[in-house]
Amino acid sequence: MAETRFDRDQFAEAYPPGIERSWWHVARNSIISRTLAKHIPRQVDLLEIGCGTGVVTCYLREKKWKVTGVDLGEPRQGIRCPQHLLLGQDATRLPEEHRLAVGALLLFDVIEHIQDAPTFLQGILAAFPNAGHVVVCVPARSELWTTFDDHFGHFRRYDHPMLQEEFARAGLRMVSSAYFFHALYGAIGLNNLLRGRKRNIVLNAPAPGLATSMNGFIGRLFSAEAALLPGALVGSSIIAVGQRSAHPHS
């Protein structure tokens, strides 16, 4: 599988303990769960590839989804639901029994780290022949490129046509694609004008108490924004669902 793992410094910067309480993760987790509920049956076994410290996997487990996380990297702190994570492992080399049981693949802020994303997607679809759907989140809009993208090894920020083309090349039919974090589009654009595309690269987890409560409130606002505004309206991220072409259970 293509090399996508974070090193220890990147894990520490992107996943400090408690980062799941940040507004960004609160919103994204909610949007992910809502999207899954629209497109994936509850009984399907899910595999999150590139799970990091388990922020999404653990959230989805709490929401009663049947999900396991796998990551090439081995974070040393902030790990959540470790009993449901397979760290330091290549998803395509998991035991065949496990791979055959997976009905949908989840890749949240992963494929932008892959130089040839369609070939990568083809590879994981081949390794998981019964996975009928792929659900991804990706950073959006090339005009929002910042030093954050440089630092964390992004090759691109997406728009709808670009993502649809990559899905098609991988053998996936796009069934849903929506921008979210709409308000961040203007905020990041303004940052780029004022700071010359410089952005903080070390993320901070909110402290328990008031800071966590405020982050939860802001996250719920962004989740509501995504539910109420049209997915065609630009935002700083995209969530998309692809269906395997000619899958036997389609």
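Basis of the calculations
Residues numbered from 1 in each chain as written. Predicted model: local features only at pLDDT ≥ 70, side-chain atom pairs only at ≥ 80, totals over all residues. Heavy atoms only, no water. Patch = residues over 30% accessible without salt bridge, like charges linked within 9 Å, V, L, I, M, F, W, Y side chains within 5 Å. Areas by Shrake-Rupley, 256 points an atom, 1.4 Å probe, with all protein chains shown as cover. Salt bridge = Lys/Arg side-chain N within 4 Å of Asp/Glu carboxyl O. Helix = DSSP H or I, 4+ residues; strand = E, 2+ residues; numbered from the N terminus. Buried < 20%, exposed > 50% of the residue type's maximum accessible area, 1.4 Å probe, protein only. Phe/Tyr/Trp six-rings, centres within 6.5 Å; stacked < 30°, edge-to-face > 60°. Pairing = 2+ DSSP bridges. Right-handed = clockwise from strand over helix to strand, strands pointing away. Axes fitted to C-alpha atoms, helices over the stretch in contact; angles between N-to-C directions. Contact = heavy atoms within 4.5 Å. Disulfide = S-S within 2.5 Å. Lys, Arg positive; Asp, Glu negative; His and termini not counted.

**Q** Outline a nonpolar patch on the surface, supporting the account with residue identities and numerical values.
**A** A surface patch of nonpolar side chains, amounting to about 380 Å² of accessible area, comprises L190, L193 and L194. Along the polypeptide, L194 turns up in helix α8 (residues 182–195).

**Q** Which residues make up unusual backbone geometry, and what values do they have?
**A** With a phi close to 55°, F181 is a non-glycine residue in the positive phi region. Here R197, not a glycine, exhibits a phi torsion of approximately 70°, which is positive. Position of R197 among the secondary structure elements: in the loop between α8 and α9 (210–228). Residue classification places R197 among the partly exposed positions, given a relative accessible area of 36%.

**Q** Please provide a residue-by-residue account of the packing of aromatic side chains, values included.
**A** What describes a pair of aromatic rings is the distance from one ring centre to the other and the angle between the planes of the rings. Tallying each qualifying case throughout the model produces 6 aromatic pairs. Their ring planes at 50° and their centres at 4.7 Å tell us that F148 and F152 sit as a pair that is tilted. F152 matches F148 in its accessibility class, with the two residues each being buried. Relative to F181, the ring of F180 lies with its centre 5.0 Å away and its plane at 45°, an arrangement referred to as tilted.

**Q** Break down the pairing of strand β2 (residues 67–71) for me, with residues and values.
**A** Most of β2 sits out of view: 5 of its 5 residues are buried. Residues V67, G69 and D71 point to one face of β2 and T68 and V70 to the other, with burial holding for every one of them. Bridge analysis of strand β1 (residues 46–49) against β2 gives 4 bridges, and the strand direction is parallel. For E48, the partnering residue across the bridge sits in β2 and is G69. Each parallel crossover has a hand, and for β1 linked through helix α3 (residues 55–62) to β2 it is right-handed.

**Q** Give me the lowdown on the sheet that holds β1, citing residues and values where you can.
**A** The mixed open sheet is built from 7 strands, whose spatial order is β3-β2-β1-β4-β5-β7-β6. This sheet does not close on itself; its edge strands, each paired only once, are β3 (85–87) and β6 (172–180). Pairs of neighbouring strands in the sheet enclose a mean axial angle of 15°, with direction left out of account. When β6 meets strand β7 (residues 237–244), the two strands line up antiparallel, connected through 8 bridges. Within β7, the residue paired with R173 across the bridge is Q243. Packed onto the sheet, α3 meets β1, β2, β3 and β4 (104–108) and runs at close to 175° relative to β2. Packing against the sheet, helix α7 (residues 160–170) makes contact with β5 (133–139), β6 and β7, and its axis sits at approximately 155° to β6.

**Q** Can you explain the state of the cysteines? Please cite residues and give values.
**A** Evaluation of the coordinates by the stated rule reveals 1 disulfide. Each sulfur of the disulfide joining C58 and C81 lies 2.1 Å from the other. Across the S-S bond of C58 and C81 the torsion is about 45°, and the bridge reads as right-handed. Of this pair, C58 sits in helix α3 while C81 sits in the loop between β2 and β3; the two residues are 23 residues apart in sequence, bridging distant segments of the chain. Across the pair, exposure class does not vary: C58 and C81 are buried alike. C51 forms no disulfide, and the closest cysteine sulfur to it belongs to C81, at a distance of 10 Å.

**Q** Break down the side chain of E112 for me, citing the residues and quoting the values.
**A** Within the secondary structure layout, E112 lies in the loop between β4 and α5 (117–127). Buried E112, no salt bridge; nearest opposite-charge side chain is R156, N-O distance 6.7 Å. Non-local contacts of E112, meaning those with residues more than four positions away in its chain, are made with C137, V138, P139, G153, H154, F155, R156 and Y158.

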